[in-house]
Amino acid sequence: MFLRLSILTVIHLLFQLTASCSPTSNAKKIIHDKALRTISITVQNGSMKLLIDYSKGCYIKRLLIRNANVLSPSGVFTGITTKNATYTSQNLSGLPDVIVNDSTVHIKINYGDPLLSIQETWIFDVEEESVTWEVKRLYPFHFEAEATYFPQWNFASMSVWKGGIIDNGGMVWCKYLKNINDTYGVHTGGTTYWNEASGDGLSIQGKPMEGAQIASQYSHSPQGEFTCMQLVSSQPLAQRYNLNRFVSKRSNVFAPFQIEKGEISVRLTMKYINYFKLYDRGDLKMINAAAVRELFNTTARYGVVDNNIVGGNGWITNWKCLHEPFFAQIATALADSNYTKNLSSTLDQERDMAMLPDGRVLSRWHNAPGDEIPGTYDPATGYYEAQWGYTIDSQTGYVINVCEQFNNTGDMKWLAGHKASCENALNWLIKRDENDNGIFEMVNRNIAEKKASDWIDIVWAGYENAFVNAQMYAALQKWAACERLLGDFEAAERYRLIAAKLKGSFNKPVEEGGFWLEEKKQYIYWRDDDGSIHGDNLVTPVNFMAIAFEICDDPQRIKSILDQIEKRTSAENLFHWPLCFDSFKEEEVHQNNWPFPKYENGDIFPTWGYLGIRSYAKYNKQLALKYINNLLHQYEMDGLSSQRYSRSTGKGLGTDILSGICTGITALYTDIYGIQPRWNRLVVVPNLTQELNGTKFTYSLRNKHYDIQLYHDKYILSDGYYNISSKQSFGISDISDGLTFFPGDQDTTSLFIQRNNNNALSVNVTQWDKANIVFTLKDADKYHIILKGLPPLSNFSVYTGNSKRRMVSGKEGALTLNEPFKKNAVIRIVNENSPVKNKSDETEITR
């Protein structure tokens, strides 16, 4: 017995010794050197280390990410700036009080002067994978501050990080802070910094105390540092200069603000991240996945100016165009819940602030007046009508984004909150059909007015505009579907009929009042009120829009348009489609568009690239893939940091960098991989080329992560619990206790499967048509199976293995099976009422 106890004692001592030597043990997490007055904190097996120095002042002196210090000598400190002075934790009023135990560090400090004494308590909670730093600050009285440092992070240089992904879905790109004191600020507190070369990253997520507000300000300091000041206040911060979120060569974007007497606090969670792993885009066959990742984390996110301002321009120019219909598509491809959430709140704000009582949607947001029709700029909100004319596509852009965003979120309550506003936006344009021909007229009537009516804003398109009317068709179709879901079937039918009339009129030859020009095999751009036609110079967005939004479904017209576009693009060896191939007439455009090719009269604007990809994806997938890869190659060369590209030289042009330039790559996900979120399911409708066979990636939707595998003969979706595969396009929903399979892109017919005790399940659907439904259950177990949407009161034969039974569908068209099945059981359901049922299969199984 004594020997046994001694051995156990030795083992216990050895275990304790081993634990004490472990790099993840509490003994090694925190080391307090009282002589040097430093505290080192190590987490994540040494991937992140902090050194707190309180020998002279108190600050984080070093922050090591995989043993590389990312801080400048200024480190990380707290503080405050008033009109007269700056006080920071680097210059204390006395010695700090420090208490260190196994997993926490408490430091109490005082700084300031006799007139303004600041008391702070720092609490570091140390866990295996992160460090949470709580800063509690006590203000002695009410006063006005210029800035508060909660804290200020001072990184060693502008090249330590490529940028930071912000928790509102946006990003700060260090290369855009090119001048000393270039500064960008947002009303949120979380940033994930990354280094593209090493893949190392640092996540800092700041959350203020309840009732308080947080903001972040990024800057290029006079010392060449990349800095981030986090500000905590009792009220949201106002802008210092107009509504600017970005200022050049100025160190503050936020206005002075009032400090309330009492305590205010913030919690900051810090952790190392493996950027390559966290933002892995998967195994994208024949696609540069790294370029996709970087484009999405830079160019695509750059359009987020701030909370409630998600756009397709960017924060350098402080601009957002409401007349762009593709923001929800960007959200689909990014699959970032922060971007998606911000887009929903952006559309809420635009409903509340940018829509006039009559339903008119103002077309733009900007930080300052100067671009507006006189009298339309609201300095409180920043919304206005563009000086170039009433751009009517803001009506359609708003509605399309609402409909597609609803598919991203599945939030029926949110959609209901936009019912009246979407109806008002559509009705405003519907009322403009002054000649009752089903085509909706613009505010400007002819080229003599020298005004625009859509996104191509210095081309004098007006009256009956194909660009706007093609979007209107899409908006009507999408909104009619939403009305049905909201239960307003009368409104849904009204909008459906209006869309049908528009489609018929749109496709008529120009001689009959439509937009089709048979002579040139293309859709014209617009018709003036005198009947004259304009824009027969192969305007690509107009023709792509007609195909992509399916107002044109004539195969011969589609072929004629796409063949000539490709022929002419290839002849000029262009990497992307120009806005138009031939010149407008001089009287049809602003002088800045002359001579051809120049600006909107012939240059390359990739913003509308997704329309081209969508158009070619169903016609010639190889060409769609060609232009996707062209865009990715261009990103590798210049970051797509341009407004447009010269038709003549291929060089990037324009100071108004457009984040919408990313849409050709978002279409890789929506139109090539076929990722189509629907309000109640995730649908995959791939258009794969041979080279893309075997593509694998993870896709996130509504807090679920799906592993997706795409092959030519099978598509596989798995969320780690349910696994489903099919050789046909399908949708999946697992929001209840079980799995629902939807064949194709519809939700009236479905297969619900639930395994005994709601265990994980795997199913392969090999056939689904009017005559036969065939699927295989991988695991032996008892299953509850419901097929819905079948012909009601119809006869079916159900084959399982060698058994056969007759069943009749219910009044609602449902069949139910409750029984055990063997491993790899094949279930075949044959519609006996179908004239095309497969008799040979029935004979084989019966035998």
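Residues numbered from 1 in each chain as written. Predicted model: local features only at pLDDT ≥ 70, side-chain atom pairs only at ≥ 80, totals over all residues. Heavy atoms only, no water.

Here we look at the confidence of the model for the chain
Next, step 1: Summing up the model confidence of the chain, the mean pLDDT is 95 and the portion of residues at 70 or higher is 95%.
Next, step 2: This stretch, residues 1-27, has a pLDDT under 50; its non-local contacts, to residues over four places away or in other chains, come to eleven contacts.
Next, step 3: Under a pLDDT of 50 for its full length, residues 838-847 has, in the predicted model, 14 contacts with residues more than four places off or in other chains. (pLDDT = per-residue confidence, 0-100. Contact = heavy atoms within 4.5 Å.)

Some remarks on the packing of aromatic side chains
Next, step 1: By the definition in use, this model includes 53 aromatic pairs.
Next, step 2: Taken together, a centroid distance of 5.1 Å and an interplanar angle of 65° make the contact between Y176 and Y302 edge-to-face. Here Y176 is found in the loop between β15 (171-173) and β16 (183-186), whereas its partner Y302 is found in helix α4 (residues 289-302), with 126 residues between them in sequence.
Next, step 3: Geometrically, the ring pair formed by F741 and W768 is tilted, given 5.7 Å between the ring centres and 40° between the ring planes. Of this pair, F741 sits in strand β43 (residues 739-743) while W768 is found in strand β45 (residues 761-768), placing the two residues 27 residues apart along the sequence. (Phe/Tyr/Trp six-rings, centres within 6.5 Å; stacked < 30°, edge-to-face > 60°. Helix = DSSP H or I, 4+ residues; strand = E, 2+ residues; numbered from the N terminus.)

Thoughts on the nonpolar core
Next, step 1: Among the nonpolar cores identified, the biggest contains 261 residues, and I41, F124, Y673 and F775 are the most heavily contacted of them.
Next, step 2: Per-element accounting of this core gives the leading share, twelve residues, to helix α10 (residues 466-485). (Core = buried A, V, L, I, M, F, W, Y, C linked by side-chain atoms within 4.5 Å. Buried < 20%, exposed > 50% of the residue type's maximum accessible area, 1.4 Å probe, protein only.)

Points about the state of the cysteines
Next, step 1: Throughout the structure, instances matching the rule amount to zero disulfides.
Next, step 2: Counting only cysteine sulfurs, C228 is the nearest neighbor of C174, a cysteine outside any disulfide, at a range of 11 Å.
Next, step 3: Free cysteine: C482, not disulfide-bonded; nearest cysteine sulfur from C403 at 3.8 Å.
Next, step 4: Residue C482 is classed as buried on the basis of its relative accessible area of 5%. (Disulfide = S-S within 2.5 Å.)

A short note on the pairing of strand β1 (residues 30-33)
Within a regular beta strand, the side chains point alternately toward one face of the sheet and then the other, so they alternate between its two faces.
Next, step 1: As paired strands, β1 and strand β2 (residues 38-43) are joined by four bridges and run antiparallel to one another. Opposite H32, over in β2, you have I39 as the bridge partner.
Next, step 2: Hairpin geometry of β1 and β2 is characterised by an intervening segment of four residues between the two adjacent antiparallel strands and by a positive phi of about 55° at R37. (Pairing = 2+ DSSP bridges.)

A few points about the sheet that holds strand β27 (residues 364-366)
Next, step 1: Taken in spatial order, the three strands make up an open sheet running β26-β27-β28, and their pairing is antiparallel. Edge strands, defined here as strands with exactly one partner in the open sheet, are β26 (319-321) and β28 (383-384).
Next, step 2: Note that β26 and β27 share three bridges and pair antiparallel. Looking at β27, one finds that W319 is bridged to H366.

As for the sheet that holds strand β33 (residues 533-534)
Next, step 1: If you walk across this open sheet you meet the three strands as β29-β32-β33, and the pairing is antiparallel. The open sheet has two free edges, formed respectively by β29 (464-465) and β33, since each of these has just one partner strand.
Next, step 2: Pairing geometry for β29 and strand β32 (residues 526-527), over two bridges, is antiparallel. Paired with E464 across the two strands is R527, which belongs to β32.

Considerations on helix α6 (residues 337-353)
Next, step 1: The end-to-end C-alpha distance of α6 is 24 Å, a good match for the 24 Å that 17 residues give at a rise of 1.5 Å each.
Next, step 2: Listed as buried for α6 are Y339, T340, N342, L343, S344, T346, L347, Q349 and E350.
Next, step 3: Its side-chain oxygen 2.9 Å from the backbone nitrogen of N338, D336 forms the N-cap of α6. (Expected span 1.5 Å × (residues − 1). Polar contact = N/O pair within 3.5 Å; in protein donor to acceptor, adjacent residues only side chain to side chain.)

Quick look at the packing of helix α7 (residues 393-409) against α10
Next, step 1: Following both chains from N to C, one finds α7 and α10 inclined at 40°, their axes separated by 9 Å at the closest point. Remark: the crossing between α7 and α10 carries left-handed chirality. Listed contacts from α10 to D393, T396, G397, V399, I400, V402, C403, E404 and F406 of α7 are F467, V468, Q471, M472, A474, A475, K478, W479, C482 and L485.
Next, step 2: Within the contact of α7 with α10, the residues separate by chemical class into 13 nonpolar, three polar and three charged. (Axes fitted to C-alpha atoms, helices over the stretch in contact; angles between N-to-C directions. Left-handed = near helix turned anticlockwise from the far one by under 90°. Nonpolar A, V, L, I, M, F, W, Y, C, P; charged D, E, K, R; others polar.)

Here we look at the pairing of strand β19 (residues 213-220)
Next, step 1: Burial analysis of β19 places seven of its eight residues in the buried class, which makes it a mostly covered element.
Next, step 2: Summarising the sheet, β19 and strand β20 (residues 226-233) pair through eight bridges and their orientation is antiparallel. The partner of S216 across the bridge, within β20, is Q230.
Next, step 3: Taking the residues between adjacent antiparallel strands as the criterion, β19 and β20 are bridged by five residues, where G224 takes a positive phi near 80°.

Observations concerning unusual backbone geometry
Next, step 1: Going from F150 to P151, the amide bond is cis rather than trans, its omega being -5°.
Next, step 2: By the element assignment, P151 lies in strand β13 (residues 147-155).
Next, step 3: In this structure, the amide linkage connecting F596 to the following residue, P597, adopts the cis form with an omega of -5°.
Next, step 4: With respect to the element layout, P597 can be found in the loop between α13 (555-571) and α14 (609-617).
Next, step 5: In the Ramachandran plot, A335 falls in the positive-phi region, its phi being about 55° despite a non-glycine side chain.
Next, step 6: Here A335 shows up in the loop between α5 (327-334) and α6.

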